[in-house]
2 protein chains.
Amino acid sequence: MPRTTNPAPLPPPQEGFKVACSTCALRQVCLPTGLPAAEVEQLERMVAVRRPVARNTVLFKAGDAFEAIYLVRTGFFKTAASAEDGREQVTGFQMAGEMLGMDGIFSGAHACGAVALEDSQVCVVPYGRLEDLTREIDRLRRQFLRLMSREIVRDQSVMMLLGAMRAEQRVAAFLINLMRRLRARGFSSSSVVLRMTRDEIGSFLGLTLETVSRTFSRMQDDGLLEVRAREVRVLKPRLLLQLVRRSS
Amino acid sequence: MPRTTNPAPLPPPQEGFKVACSTCALRQVCLPTGLPAAEVEQLERMVAVRRPVARNTVLFKAGDAFEAIYLVRTGFFKTAASAEDGREQVTGFQMAGEMLGMDGIFSGAHACGAVALEDSQVCVVPYGRLEDLTREIDRLRRQFLRLMSREIVRDQSVMMLLGAMRAEQRVAAFLINLMRRLRARGFSSSSVVLRMTRDEIGSFLGLTLETVSRTFSRMQDDGLLEVRAREVRVLKPRLLLQLVRRSS
DNA sequence: CGCGTCCTTGAACCTTTTCAATTCAGGTGG
DNA sequence: CCACCTGAATTGAAAAGGTTCAAGGACGCG
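Residues numbered from 1 in each chain as written. Chains lettered and ligands numbered in written order. Predicted model: local features only at pLDDT ≥ 70, side-chain atom pairs only at ≥ 80, totals over all residues. Heavy atoms only, no water.

**Focus: the relation of the copies chain B and chain A**
- The transform that puts chain B on chain A rotates by 180° and translates by 0.0 Å along the axis, for an RMSD of 0.0 Å. A rotation of that kind, with that shift, is consistent with a two-fold axis.
- Of the interface residues in chain B, 100% have counterparts in chain A that sit at the interface too, so the contact is made through matching surfaces. (Least-squares fit on C-alpha atoms with pLDDT ≥ 70 in both. Contact = heavy atoms within 4.5 Å.)

Right, here's the structure in full:
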């Protein structure tokens, strides 16, 4: 029995939620970043709707026709690709202000699936209209390309993590990355509530859930962290950083 | 003593080489794919020059200012990122018709470096001009976004490889991917001359060079391959494919 | 309050790495 | 043209790091 409820009757677009980038707390992190007010308004008009996505429901799945880019407004997502043999690999976690679905542009069908890890909301940007608007608004086109490029850079740093780091380094890098992104959004810089299971962390890091758990435990024993189930407090961020940098 | 000659006096752009996408053998694989003749000509005029890149020389390195996108015209490249501790991880191999440098769009500086693995030529596309042209030519804009998206999809499949496969599967997947791309360019579908060392393959696959070598040897013993130094002949492509698919 | 899911921990096993010793290939200079 | 020399590749044996299998415990949700 899969933990995710199926593609399911997607909650219908709720027209009640009018999109208002101009007053959105995320406008400094999100797609409109750097756009002047007038252009933000144009963008707003295009972003059709905000859609709520309940915890453990699928926003899109691999193979779905690609129709829109999504921006996380609130909540937390994971994206995962599945190999031919059925195993799945988590390819990323997305939080508020981050973009989802760019993998679908290439072939017109999504290459990976996205699932909400907590009750979330996304802004839906129909791709056809976005494409049109990127012709008209230079800055938007540039910003969109920048975000695509950021995704590439990110993926490459994950490749580095998976290809050249040992378990302890991977976990440390994962935590540091998470904290950094949370801090950029104004959250506590020392305490996280993980939205994902050990299994999902492991899948993302190329480790088993047991190894993730053991690594957390060892880091706790070493006084680096305080781990209580999903809640992690970083006690010695400096040492955590050194773990990643050191080659040992 | 680095094997690569340094950023070095980059061979000066050779204006003698006039770029001619319209007659290029790669036009079905490259950036102009799908553009009508008139637009291909516009593109041609923009692509400043072709630049020769000698074996083991650096096309760009991490940290270099991002100024242009490169398209491999002939030859073979690797891209590699280096961790804080100095170790480097190969993030990809590029052959004729493939694009290089998209990682630089995000921050304005290249996030990884590119080195020619054999004497090569690239077409240099100044990014500023490309950006302008993507405003004017709808199809070019779409094509460019598609190629960026393809890069994301590719990176994700590498993440899958690194995160969820054992050595034998990784090597099999690597060979299959290589053969597929070569075949798409009209090369033999059963025989490859590898342009990279075992060490570079290993770095890309998250394995040591010894493991790569041993895996080749075992596959040879099993009658899957015939390996003679850099030359690999695939004897049983079917079985190779099954290796990747099977979960065992 | 109970059940299911998630997490932790232990022990044995296995894959891959590490270290070390040859062997091989290809390019250079005599 | 051959001998040499260097970087690359192969192979072996020991060690390490991670996985697998298994059992027990904690937490949260209904």
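Once you've had a look at it, read on.
**Regarding the sheet that holds strand β9 (residues 191-193) of chain B**
All names here are of chain B.
- Pairing is antiparallel across the open sheet formed by 3 strands, whose spatial order is β9-β11-β10. In this open sheet, the two strands that pair with only one neighbour each are β9 and β10 (225-228). Between one strand axis and the next, the sheet turns through 15° on average, direction left out of account.
- Looking at chain direction, β10 and strand β11 (residues 231-234) are connected through 4 bridges and run antiparallel. Within the sheet, the bridge partner assigned to Arg-228 lies in β11 and is Glu-231. (Pairing = 2+ DSSP bridges. Helix = DSSP H or I, 4+ residues; strand = E, 2+ residues; numbered from the N terminus. Axes fitted to C-alpha atoms, helices over the stretch in contact; angles between N-to-C directions.)

**Quick notes on the interface of chain B and chain A**
- Facing 48 residues of chain B, the contacting portion of chain A comprises 48 residues.
- Together, the buried faces of chain B and chain A total about 4500 Å²; carbon and sulfur atoms form 62% of this surface.
- Inspection of the chain B/chain A interface yields 4 salt bridges.
- Its salt-bridge partner being A:Arg135, residue B:Asp138 comes within 2.6 Å of it at the nearest N-O pair.
- Applying the counting rule to chain B against chain A returns 19 residue pairs in polar contact (both at pLDDT 80 or more).
- Residue assignment for the side of chain B that touches chain A shows that the elements contributing at least two residues are β4 (76-82), β5 (88-95), α2 (127-136), α3 (138-164) and α7 (237-245) of chain B.
- No other element matches the 20 residues that α3(B) contributes to the side of chain B that touches chain A.
- In the side of chain B that touches chain A, the residues fall into 21 nonpolar, 11 polar and 16 charged. (Buried area = accessible area lost by both parts, 1.4 Å probe. Salt bridge = Lys/Arg side-chain N within 4 Å of Asp/Glu carboxyl O. Polar contact = N/O pair within 3.5 Å; in protein donor to acceptor, adjacent residues only side chain to side chain. Nonpolar A, V, L, I, M, F, W, Y, C, P; charged D, E, K, R; others polar.)

**Let's talk about the nonpolar core**
- A:Leu225, A:Leu240, B:Leu225 and B:Leu240 are the most contacted members of the largest nonpolar core, which totals 75 residues.
- Every residue in contact with A:Leu225, bar those within four places of it in the chain, is listed here: A:Leu175, A:Phe216, A:Met219, A:Gln220, A:Val232, A:Arg233, A:Val234, A:Leu235 and A:Leu240.
- In terms of nonpolar packing, the next biggest core, distinct from the first, is built from 60 residues, A:Ala96, A:Met148, A:Ile152 and B:Ile152 among them. (Core = buried A, V, L, I, M, F, W, Y, C linked by side-chain atoms within 4.5 Å. Buried < 20%, exposed > 50% of the residue type's maximum accessible area, 1.4 Å probe, protein only.)

**Let's talk about the side chain of B:Glu131**
- Its place among the elements puts B:Glu131 in helix α2.
- Of the polar contacts made by the side chain of B:Glu131, one reaches the side chain of A:Arg142; its length is 3.2 Å.
- For B:Glu131, the residues in contact, after removing those within four places along its chain, are A:Arg141 and A:Arg142.

**Regarding the protein's contact with DNA strand D**
- Within the structure, DNA strand D sits among 19 residues, and A:Ala167, A:Thr211, A:Arg214, B:Ser213 and B:Ser217 are positioned closest to it.
- When the atoms of DNA strand D within 4 Å of the protein are grouped by moiety, sugar and phosphate amount to 63% of the total.
- Here a phosphate oxygen of DNA strand D sits 2.7 Å away from a polar atom, N or O, in the side chain of B:Ser213.
- Residue B:Ser217 places a side-chain N or O atom 2.5 Å away from a phosphate oxygen belonging to DNA strand D.
- Those elements giving two or more residues to the surface near DNA strand D turn out to be α6 (209-221) of chain A together with α6 (209-221) of chain B.
- For the surface near DNA strand D, the element with the highest residue contribution is α6(B), accounting for 5 residues.
- Residues belonging to the surface near DNA strand D are distributed by class as follows: 4 nonpolar, 6 polar and 9 charged. (Near = heavy atom within 4 Å.)

**Section: the packing of aromatic side chains**
Residue and element names in this part refer to chain A.
- Under the definition given, this model contains 12 aromatic pairs over all chains.
- With 5.7 Å between their ring centres and 20° between their planes, Phe-60 and Tyr-70 make a pair best called stacked. Of this pair, Phe-60 sits in strand β2 (residues 58-60) while Tyr-70 sits in strand β3 (residues 68-74); the two residues are 10 residues apart in sequence, bridging distant segments of the chain.
- Overall, Phe-60 belongs to the buried group, its relative accessible area being 2%.
- Geometrically, the ring pair formed by Phe-66 and Tyr-127 is tilted, given 5.0 Å between the ring centres and 55° between the ring planes. Taken as a pair, Phe-66 in the loop between β2 and β3 and Tyr-127 in helix α2 (residues 127-136) lie far apart in primary sequence, 61 residues in all. (Phe/Tyr/Trp six-rings, centres within 6.5 Å; stacked < 30°, edge-to-face > 60°.)

**Re the pattern of salt bridges**
Residues and elements named next belong to chain A.
- Counting across every chain of the model gives 24 salt bridges over all chains.
- A salt bridge links Glu-98 to Arg-185; the shortest N-O distance between them is 3.6 Å. Of this pair, Glu-98 sits in the loop between β5 (88-95) and β6 (99-100) while Arg-185 sits in the loop between α4 (167-184) and β9 (191-193), and the two are 87 residues apart along the sequence. There is no split in this pair, since Glu-98 and Arg-185 are both buried.
- Beyond isolated ion pairs, a larger network of salt bridges with shared partners links Glu-98, Arg-154, Arg-181 and Arg-185.

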